[in-house]
Amino acid sequence: MRTASPTAATSPTRTRAGRSRSSGTPARRWSRRPPRGPVVTLPGSFQSEVGCSDDWQPDCLASLMQDGDKDGVLTFATDEIPDGAYETKVAHGRSWDENYGVGGAPGGANYQFTATTGKLVEFRYTLATHVLEIVVTDPPLAGTGETRAHWVGEDTLAWPAELLGGAEAADASWTLEHSGDAALAVEGGVVTGGGDPIELELDPDGLSDEQLATFPALEGYLALRRSGSTAARCRGSSPSSSRSRSVRSLSLSKGRRARRTTS
């Protein structure tokens, strides 16, 4: 917004026709008011896709959030983020000195989201609560491109419950998809290109106390276990129980079937 500040002026002024005239009325000097509220940006792993020189740059204004209607909710939207999984946070003042993560926690965990090429992604940040909402148009299959599931035992797979998207875990059926030549693909919500699916069972008791003591970051994850018949069939290639192994892109398809979408 511009404001006019009068200054006394009786010196000649030039008209558009190039002629001079004298005026005793105050001349107007225009100045621009500074923006109200903090400067809020979205540093994240997507910034290089929207015009920043690199990712995780809180000072880059290509991901500047704005509050056009002054309702306390700042927004940023783009359709330039290609297929993939990304992370972001909220930064004030174009620096890391004040930043907010999941749930509005100061310095909290990164927000995670997936994008589809050419589809709009909108970020909505409520200034009063510091909570960020990410709305993705036509999002890909949940978990696509992410490494979120982990082997925590010979027959136990820890799977992030948040990928259920509100569905009940007990109502879903679970399979582990596999491919020896990395030919897995997701087409129309269905996994193709793999061998016979391996049936998994949901353990209603979740991960054991021993497993959580070893891998505390997996608190709240679902516990999926191979049944007796499938465990015997796969025992020769089962991962070591001494460490957690990631499984990339375990997802819940439209038919409520969890599948591994990459080899």
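Residues numbered from 1 in each chain as written. Predicted model: local features only at pLDDT ≥ 70, side-chain atom pairs only at ≥ 80, totals over all residues. Heavy atoms only, no water.

Here's the deal with the state of the cysteines
- In this structure the tally under the stated criterion is one disulfide.
- A sulfur-sulfur distance of 2.1 Å marks the disulfide that ties cysteine 52 to cysteine 60. The chirality of the disulfide connecting cysteine 52 with cysteine 60 is left-handed, given an S-S dihedral of about -100°.
- Note on cysteine 52: relative accessible area 7%, which makes it buried. (Disulfide = S-S within 2.5 Å. Buried < 20%, exposed > 50% of the residue type's maximum accessible area, 1.4 Å probe, protein only.)

Examining the nonpolar core
- Among the nonpolar cores identified, the biggest contains 19 residues, and Phe46, Met65 and Phe123 are the most heavily contacted of them.
- Residue contacts for phenylalanine 123: discarding those within four places in its chain leaves Leu42, Phe46, Met65, Leu74, Thr75, Phe76, Thr88, Phe113, Leu132, Glu133 and Ile134. (Core = buried A, V, L, I, M, F, W, Y, C linked by side-chain atoms within 4.5 Å. Contact = heavy atoms within 4.5 Å.)

Notes on the environment of leucine 64
- By secondary structure assignment, the location of leucine 64 is in strand S6 (residues 64-65).
- With 21 residues separating them in the primary sequence, leucine 64 and proline 43 have C-alpha atoms 9.3 Å apart.
- With residues up to four places along the chain from it excluded, the contact list for leucine 64 reads Val39, Val40, Thr41, Thr75 and Phe76. (Helix = DSSP H or I, 4+ residues; strand = E, 2+ residues; numbered from the N terminus.)

Quick notes on the pattern of salt bridges
- With the rule as written, the count across this model stands at five salt bridges.
- Its salt-bridge partner being glutamate 122, residue arginine 124 comes within 3.0 Å of it at the nearest N-O pair.
- Overall, glutamate 122 belongs to the partly exposed group, its relative accessible area being 22%.
- Taken together, the shared-partner salt bridges in this structure form one network comprising Glu122, Arg124 and Glu133. (Salt bridge = Lys/Arg side-chain N within 4 Å of Asp/Glu carboxyl O.)

A few points about the sheet that holds strand S9 (residues 90-92)
- Taken together, four strands build an open sheet; the order of strands is S6-S5-S9-S10 and the sheet is antiparallel. Each edge of the open sheet is held by one strand with a lone partner, namely S6 and strand S10 (98-100).
- In the sheet, strand S5 (residues 40-41) pairs with S9 via two bridges, with the strands oriented antiparallel. Bridge pairing in S9 links valine 40 to histidine 92. (Pairing = 2+ DSSP bridges.)

Regarding the packing of aromatic side chains
- What the rule picks out here adds up to seven aromatic pairs.
- Members of the aromatic cluster, each reached through a chain of ring pairs, are Phe46, Phe76, Tyr86, Phe113 and Phe123. (Phe/Tyr/Trp six-rings, centres within 6.5 Å; stacked < 30°, edge-to-face > 60°.)

Some words on the sheet that holds strand S7 (residues 73-78)
- Strand order across the open sheet formed by three strands is S7-S12-S13, with antiparallel pairing between neighbours. Only two strands of the sheet have a single neighbouring strand rather than two, namely S7 and strand S13 (131-136). For this sheet, the mean inter-axis angle between neighbouring strands, taken without regard to orientation, is 15°.
- As defined by bridge partners, strand S12 (residues 121-126) adjoins S13 across six bridges and the pair is classed as antiparallel. For arginine 124, the partnering residue across the bridge sits in S13 and is glutamate 133. (Axes fitted to C-alpha atoms, helices over the stretch in contact; angles between N-to-C directions.)

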